Amino acid sequence: MIFEGKQKIWSDYQKEIPSDGWFYVRSCIRQNFFPASEKYFLAVCRDLLGHDIYETRHHTTCGGIAYHSDTIPQETAMTIVARQFALMKEAGYKNLVTSCITSFGNYTEILETWREFPELEARIRENLWKATRREFDKPEHLAHASDLVYKFRGEIAERAKFRLVDKTAGRPLRIVEHIGCHYSKMFPHKGIGGAEYPCVLSGMVEAWGGEVVDYPERRHCCGFGFRQYLVKANRGYSVSNTHKKFESMEPYHPDAIITNCPGCPYFLDRWQYVIAEQTGKTYGSGGFGIPVLTYEELAGLVLGYDPWDLGLQLHQVAVEPLLDKIGIEYDPSAKYLGLDRKDIMRPGLPEVLKCC
Amino acid sequence: MDYFEELCRDYRFKEGYHTCINCGTCTAVCPAAEFYRYDPRQIVSIVQTRDNARIEALLKSETIWYCGECMSCVTRCPRRNGPGLVIMALRDLSIRLGFFTESEKGRQLYPLTKALNGNVLNYGYCVHPATFTYKDHPESGPVFEWALNHKEDVYARLGANYGADGEGALRRIPQEDLDELKAIYDVTGGTERLELVEKYSRAKAAEMGMTMEEYTEYTFTHCSEGHFNDGR
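No experiment lies behind these values; they were computed from the predicted model shown. Residue positions are given per chain, counted from 1 along the sequence in the order it is written. Chains carry letters and ligands carry numbers; both start at the beginning, A for chains and 1 for ligands, and go up in the order they are written. Residue-level local features of this predicted model are given only where pLDDT is at least 70; pairs of side-chain atoms are given and counted only at 80 or more, and the full residue set underlies all totals for whole chains, interfaces and linings. To get the side-chain values, take all heavy atoms of the structure and skip hydrogens and water.

S.K.: Any chance you could explain the overall build of chain A here in plain terms?
M.R.: Strands are runs of DSSP state E lasting at least 2 residues, helices are runs of H or I lasting at least 4, and numbering of each runs from the N terminus. A tally of helices and strands in chain A yields 16 helices and ten strands. Once the C-alpha set of chain A is aligned to its principal axes, its extents read approximately 60 × 55 × 45 Å. Going through the 356 residues of chain A one by one, you find that 66% of them count as buried. Counted over contacts in chain A with a minimum sequence separation of 6, partners at least 24 positions apart contribute 75%. Accessible surface computed for chain A: about 12400 Å², of which carbon and sulfur atoms make up 50%. Partly exposed residues are those whose accessible area sits between 20% and 50% of the maximum for their type, while under 20% is buried and over 50% is exposed, using a 1.4 Å probe and protein chains only. Between two residues, a contact is recorded if the distance between any of their heavy atoms is within 4.5 Å. Computed by Shrake-Rupley with a 1.4 Å probe, the accessible areas treat only the displayed protein chains as cover when residues are assessed.

S.K.: Which parts of the structure should I look at to understand helix α13 (residues 235–249) of chain A?
M.R.: The α-helix winds at 3.6 residues per turn, so residues separated by three or four positions along the chain end up facing the same way. One fewer than the residue count of a helix, multiplied by 1.5 Å, yields its expected span. The end-to-end C-alpha separation of α13 of chain A is 22 Å, in line with the 21 Å expected for 15 residues at 1.5 Å each. What α13 of chain A keeps buried is the set Arg235, Tyr237, Ser238, Val239, Asn241, Thr242, Lys245, Phe246, Ser248 and Met249 of chain A. Tucked inside the fold, the buried residues of α13 of chain A contact β7 (174–178), α12 (227–230), β9 (256–259) and α14 (263–279) of chain A together with α4 (31–35) and α15 (212–221) of chain B.

S.K.: Is there a simple way to think about the domain arrangement of chain B in this case?
M.R.: For interface size, the figure often reported is the accessible area lost on association. All names here are of chain B. Per the domain assignment, the segments making up chain B are domain 1 (3–100) and domain 2 (107–221). How far each domain reaches was decided by an automatic or database domain assignment. The C-alpha centroid of domain 2 is placed 28 Å from the C-alpha centroid of domain 1. Counting residues at the interface gives six residues for domain 1, matched by seven residues for domain 2. Between domain 1 and domain 2, roughly 650 Å² of surface is buried when both sides are summed, and carbon and sulfur atoms account for 66% of that area. Buried surface area refers to the total accessible area, computed with a probe of radius 1.4 Å, that the two partners give up upon joining, counted for both partners together. When the buried surface of domain 1 facing domain 2 is broken down by residue, Ile95, Arg96 and Phe100 rank first, second and third, together holding 75% of it. The term salt bridge refers to a side-chain nitrogen of Lys or Arg lying within 4 Å of a carboxyl oxygen of Asp or Glu. Joining domain 1 to domain 2, the criterion identifies one salt bridge. The residue Arg193 makes a salt bridge to Asp92 at a minimum N-O spacing of 3.2 Å. For this scheme, ten residues count as nonpolar: Ala, Val, Leu, Ile, Met, Phe, Trp, Tyr, Cys and Pro. Four count as charged, namely Asp, Glu, Lys and Arg, and the remainder, Gly too, count as polar. For the side of domain 1 that touches domain 2, a count of residues per class yields three nonpolar, one polar and two charged.

S.K.: Looking at this structure, I do not really get unusual backbone geometry. What am I missing?
M.R.: All names here are of chain B. The backbone of Arg50 shows a phi angle near 60 degrees, a positive value even though the residue is not glycine. Mapping Arg50 onto the fold places it in the loop between α5 (40–49) and α6 (52–59). Unlike most non-glycine residues, Glu69 shows phi in positive territory, near 55 degrees. Along the chain, Glu69 falls in the loop between α6 and α7 (72–76).

S.K.: I'm lost on the domain arrangement of chain A in this one. Help?
M.R.: Residue and element names in this part refer to chain A. As assigned here, chain A comprises domain 1 (22–145) and domain 2 (153–341). Each of domain 1 and domain 2 was reduced to a C-alpha centroid, and the two centroids are 25 Å apart. In this complex, domain 1 contributes 32 residues to the contact, which on the side of domain 2 involves 32 residues. Here domain 1 and domain 2 share an interface that buries about 2800 Å² over both sides, 71% of which is from carbon and sulfur atoms. Looking at the side of domain 1 facing domain 2, the largest losses of area belong to Phe34, Tyr40 and Ile101, adding up to 23% of the total buried there. In this assembly, domain 1 and domain 2 are joined by two salt bridges. Under this definition, polar contacts are N or O atom pairs within 3.5 Å; protein pairs additionally need one hydrogen-donor-capable and one acceptor-capable atom, and for neighbouring residues in sequence, both atoms have to be side-chain atoms. Scanning the region where domain 1 abuts domain 2 turns up three residue pairs in polar contact (both at pLDDT 80 or more). Among the elements of the structure, α2 (28–33), α3 (35–48), α4 (64–68) and α6 (101–116) are those that each provide at least two residues to the side of domain 1 that touches domain 2.

S.K.: What's the story with the interface of chain B and chain A in this structure? I'm lost.
M.R.: Between chain B and chain A, the residue contacts involve 88 residues of the former and 97 residues of the latter. The contact between chain B and chain A buries some 7700 Å² in all, and 59% of this surface belongs to carbon and sulfur atoms. Linking chain B to chain A there are nine salt bridges. Between Glu180 of chain B and Arg83 of chain A there is a salt bridge, with the nearest N and O atoms lying 2.6 Å from each other. Taken together, the links from chain B to chain A amount to 46 residue pairs in polar contact (both at pLDDT 80 or more). When residues in the side of chain B that touches chain A are grouped by element, the largest group, nine residues, is from helix α13 (residues 175–188) of chain B.

S.K.: Explanation requested: the environment of Ile80 of chain A in the structure shown.
M.R.: One can find Ile80 of chain A in helix α5 (residues 74–90). Taking relative accessible area as the criterion, Ile80 of chain A reaches 0% and is therefore assigned buried. What Ile80 of chain A contacts, discounting residues up to four positions off in sequence, is Thr60, Thr61, Cys62 and Gly63 of chain A together with Leu181, Ile184 and Tyr185 of chain B.

S.K.: How do you make sense of the environment of Val81 of chain A when you look at a structure like this?
M.R.: Residues and elements named next belong to chain A. Relative to the assigned elements, Val81 resides in helix α5. Among the residues examined, Val81 registers a relative accessible area of 0% and is labelled buried. The spacing of Val81 and Ala145 is 64 residues in sequence and 17 Å in space, taken between C-alpha atoms.

Laid out in structure tokens, this is it:
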């Protein structure tokens, strides 16, 4: 194919991401399990790089998990999202950035459905007015928070204190990237690189000096499956899917995994613990697992933030082997301390999975 | 009731059902199909027959509850169908007709509905540390058992604003905003849905000779044999 043809095709997989003017909505799961990631998204993109990102305390869940667990009707989910759009309008913003892939998929699905069925959008406007006396504008641009970090990856690289390089071996770190199903499987043209060539995470990894691992089950689901994890009786589904991914990536000896969706790092981290305790198998070297990071955590590490400020102590898989490879210094005795070095005890240790 | 006509009213069905050529691509890529005795191709095929008896059997079956709604099928269907969207429409109809209590996996809707919507309406989050317990989530590991036992300290250390006023992670969402969520539920059929699930689940619990507490625990934890691809 001629070069221009390739360029044309690739342009279909790009999306316009303004640098400023973003109304920020948080993720239910990221707040629970990786709260520091959201803190450092704002610390890096807003405070360090100076981009305009606004948050109001009045925003809520988008209802996406309740919706995909089939517990609320579609119109309820749509009207909750319409309320977020109304808050955005009232704050004077036109672009919405969400911290969650389920939310990103939910917002995208809603906007696309309204585009195709305007009568449904009109009904949701009525619903919102009846319930809250609010009116909304649809966002001009919709992004996932990782889209912004991808856009600013060069600015982050310019300020980086560390590169994703094994300091001792002198080779790029081998990083597995996991995009999360609802980023671009439903609406490929809404994600950077689409469903076939998503580069939102691989772009970060390469910009920061790492090497992306390709492996057979790269695009397989982490196994969340909403009701398949949330109901205790179904969790075999969830761990089986994670197991399939780890068996597939194992021969490539990844140094770390970077994730897009807030749920995926939780599952890829915790199911490694469960697989280790149930079967004795670990996927890192020396009895450790493979560290699983959010993209905010990885950005924070290359920028030189303290690993315990970034919240890496909340991972069950120890991150220390990765920190050692990069050459990041850390205080092991501070890992589980509270504010002002308050002693709040330490977690117990797993029997099989090696932890620090 | 003509079930096919009823499905056609659902916007997810309008989006996700066109003409299926039964190629089986959806089943080949489906994470649920590897694990459960589940075949999305077969489900769309049954719907396509428009045979009321066969669709009713589907609405009462285990199989429509096996999907994880990852939507991997949507990307790959050569006819731009979305079997995952068809499943969402089937589940919605099964719930509205009370058929969900006829299957073990369908009955799980009760604890799910209580937990998720309790979080949404009481806290403004789908998931919240106040209701996420280590007992129900032992897979969260000793690190999260520790975190939950020291929530205020751990979240403060990590820069969250747990349970407090203002912005930030895990902030207390003002009551006026929770009131708006409740009003949205009232206006859009969300409240009616919760009541419907409660009504049918209570009837099923009585039929099974269980208190609601026992029914909740049983539906949340019990897994019979016969669901899995490996013959279990």
